[in-house]
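Geometric and topological summary
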Amino acid sequence: MRRCVLLLIAILSSALPAWPARAAIQTRHVLVVVIDGGRYSETLGEPGTPHHPHMAGELSLIGARPAGMFNLGPTITVPGMSGILTGAIQDIRNDGTERPHTPTVGEVLRKQRGVPDSLVRIVARKPKLEVVGHSDHPQYGAAYGAAIRAGFNSDLETYVAGRQELLQYKPTFMLIHFGDTDYEGHANDWPGYLESITRADSLIWQLWLAVESDPELAGRTTMFVTNDHGRHDTLHGGFQNHGDGCPGCRRIELMVVGPDSKAGYMSPASFDQRGVAMTAAHLLGVTIPTATGEPMDDILLEITRPLDVPGGGRAAPALALAPNPTQGPVRIRVDAAHAGDAQVEVLDTTGRRIARAVRAGNEFMWDGRDASGRTVAPGAYHVRVRAHGQQTIAPLVVIH
Ligand SMILES: [Zn+2]
Ligand SMILES: [Zn+2]
């Protein structure tokens, strides 16, 4: 009996949330994917986005992106990757012999939250990226480093290793780096460069499908897709190289998908790559004391700082869906200014209402069934939120 009670206490205490009270934030895992040296004019910035069909297609529909995203530090790989990981501009050597000087979000997670190294992981195509596994900051460093594997023969190999680690460990923080795009650029191989961007786009979509099909990761993972830097625009030497402050080198892409970011949202804001670390830290309940960037509040449902003026009165409602794609039930979150008055419906692609979502506390749930109780067929649907005379519609994909 006594042993049973002790066991029960042990189970209960291990099940207690180790996370600080962060109201409604649902993210427990962050995945950052970097396409090394993808220039905006061939990624999300290209008219018709022929080399980014998934990023501009499904992921744009379910995710959030800003009007502008930039590398404001040195536009080369190690500094760029370090900026993404530390939230600070790192003017450091690019050959893998100088570490970031301020801690990465992974080091902060490990030190502040006691997250084990098995749950902070980096899988990178380029061998020199071993150097971003941890900083050389005296209060952080190797003792808080990430489990890192750097150096693969292709993005496909990197993807296979990254996906396997993601599904095996279900890391709190993981970064996957694709490097073929940069290698092909430096080789001055235009078709190879474009092909690499297209391949990375497809691997990213496969990663998201893996996340949303995993029982632990689905609906609890926020994915960021970005670049370490762009490449010279035509006026500054063209796509082969990069490294200066020209608009082509500075401009990069960003997509954020997850349970705490707005669905199908194009933000008028501009961010820079330090914002990835800032926002990831916010979602995971830590702050990086040495970071200098700004979190990406405009794309989040739960912002990091209260607004001066209560917003949302006349604005359209913002919503987040998780998981998406879903194999059945989906949780629908509506921003606080609209949630109280919101009506949430699921529509088919012709706009016909097939079900109403039911309120569950501050959220809404749809069980994946139509009004007569039948499980709906796999395919594309829309979630419509109406509140205060405004409406927002976001796509939802059902897979079986
Ligand atoms: Zn390069
Ligand atoms: Zn340039």
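Residues numbered from 1 in each chain as written. Chains lettered and ligands numbered in written order. Predicted model: local features only at pLDDT ≥ 70, side-chain atom pairs only at ≥ 80, totals over all residues.

**As for the packing of helix α6 (residues 155-169) against helix α8 (residues 190-213)**
The condition that has to hold: A fitted line through C-alpha atoms serves as each axis, taken over the contacting stretch for helices, and the angle formed by two N-to-C directions is quoted from 0 to 180°. Strands are runs of DSSP state E lasting at least 2 residues, helices are runs of H or I lasting at least 4, and numbering of each runs from the N terminus. An angle below 35 degrees is read as roughly parallel, one above 145 as roughly antiparallel, one from 65 to 115 as roughly perpendicular, and any other as oblique. Two helices crossing with the near one rotated counterclockwise from the far one by less than a right angle form a left-handed crossing, whereas a clockwise rotation gives a right-handed crossing. By the convention adopted here, residues are in contact when the distance between their C-beta atoms, placed from the backbone, does not exceed 7 Å. Lys, Arg, Asp and Glu make up the charged group, whereas Ala, Val, Leu, Ile, Met, Phe, Trp, Tyr, Cys and Pro make up the nonpolar group; the residues left over, Gly among them, are polar.
Running from N to C, α6 and α8 cross one another at 15°; their axes reach a closest spacing of 11 Å. In terms of orientation, α6 and α8 fall into the roughly parallel class. With respect to the hand of their crossing, α6 and α8 are arranged in right-handed fashion. Every residue of α8 that contacts α6 at Asp155, Tyr159, Arg163, Leu166 and Leu167 is listed here: Ser196, Arg199, Ala200, Leu203, Leu207 and Ala210. By residue class, the composition of the contact of α6 with α8 is seven nonpolar, one polar and three charged.

**Overview of the domain arrangement of the protein**
Threshold: Marked domain ranges trace back to an automatic or database domain assignment.
In terms of domain boundaries, the protein breaks down into domain 1 (29-299) and domain 2 (319-398). Elements with a minimum of two residues in the side of domain 1 that touches domain 2: α3 (58-62) and α8.

**Describing helix α4 (residues 77-86)**
What counts here: With C-beta atoms placed from the backbone, a residue is labelled by how many other C-beta atoms lie within 10 Å of its own: buried for 20 or more, exposed for 12 or fewer, partly exposed between the two.
Across the 10 residues of α4, 10 count as buried, placing the element largely inside the fold. Turning to α4, its buried residues number three or more, namely Thr77, Val78, Pro79, Gly80, Met81, Ser82, Gly83, Ile84, Leu85 and Thr86. Residues of α4 that are buried sit in contact with β1 (29-35), α5 (105-113), β5 (173-178), α7 (180-186), β6 (221-226) and α10 (274-284). Gly87, located one to two residues past α4, shows a positive phi value of around 70°.

**Notes on the confidence of the model for the protein**
Predicted coordinates in regions of low pLDDT should not be interpreted in detail. Formally: Confidence of the predictor at the level of single residues is given by pLDDT, which spans 0 to 100.
Averaged over all residues, the pLDDT of the protein is 91; the fraction at 70 or higher stands at 92%. Every residue in residues 1-21 is under pLDDT 50, and counting partners more than four places away or in other chains gives two contacts. Here residues 307-313 scores under 50 on pLDDT; set against residues more than four positions off or in separate chains, the count is six contacts.

**Focus: the nonpolar core**
The condition that has to hold: We define a nonpolar core as a collection of buried residues of the types Ala, Val, Leu, Ile, Met, Phe, Trp, Tyr and Cys that are connected via C-beta atoms lying within 7 Å of each other.
Ranked by size, the top nonpolar core spans 99 residues in total, and within it Val32, Ala277, Ala280, Leu319, Leu321 and Ile332 carry the most contacts. In terms of residue count, α8 provides more of this core than any other element does, eight residues in total. Both domain 1 (29-299) and domain 2 (319-398) contribute no fewer than three residues apiece to this core. Dropping the residues within four chain positions of it, Val32 is found in contact with Ile84, Leu175, Phe224, Val276 and Ala280.

**Some points on the sheet that holds strand β14 (residues 363-366)**
Our working rule: At least two DSSP bridges between two strands are required for those strands to pair.
Pairing within the open sheet is antiparallel, and its four strands lie in the order β9-β10-β14-β13. This sheet does not close on itself; its edge strands, each paired only once, are β9 (319-322) and β13 (358-360). Adjacent strand axes in the sheet meet at a mean angle of 30°, parallel and antiparallel pairs treated alike. Bridge analysis of β9 against strand β10 (residues 330-334) gives four bridges, and the strand direction is antiparallel.

**Focus on the pairing of strand β12 (residues 353-356)**
Strand direction decides the pairing type here: strand β11 (residues 343-347) and β12, joined by three bridges, are antiparallel. Directly across from Glu345, in β12, lies its bridge partner Arg356. Between β11 and β12, which pair antiparallel one after the other, the connecting turn spans five residues, and Gly351 there sits at a positive phi close to 90°.

**Here we look at the sheet that holds strand β15 (residues 379-387)**
As summarised here, the arrangement of the four strands in space is β12-β11-β15-β16, forming an open sheet in which the pairing is antiparallel. Here the strands that pair on one side only, and so sit at the sheet edges, are β12 and β16 (390-398). Along the sheet, successive strands turn relative to each other by an average axial angle of 30°, direction set aside. Bridging between β15 and β16 involves nine bridges; their strand directions are antiparallel. Within β16, the position partnered with Val383 by the bridge is Ala394.

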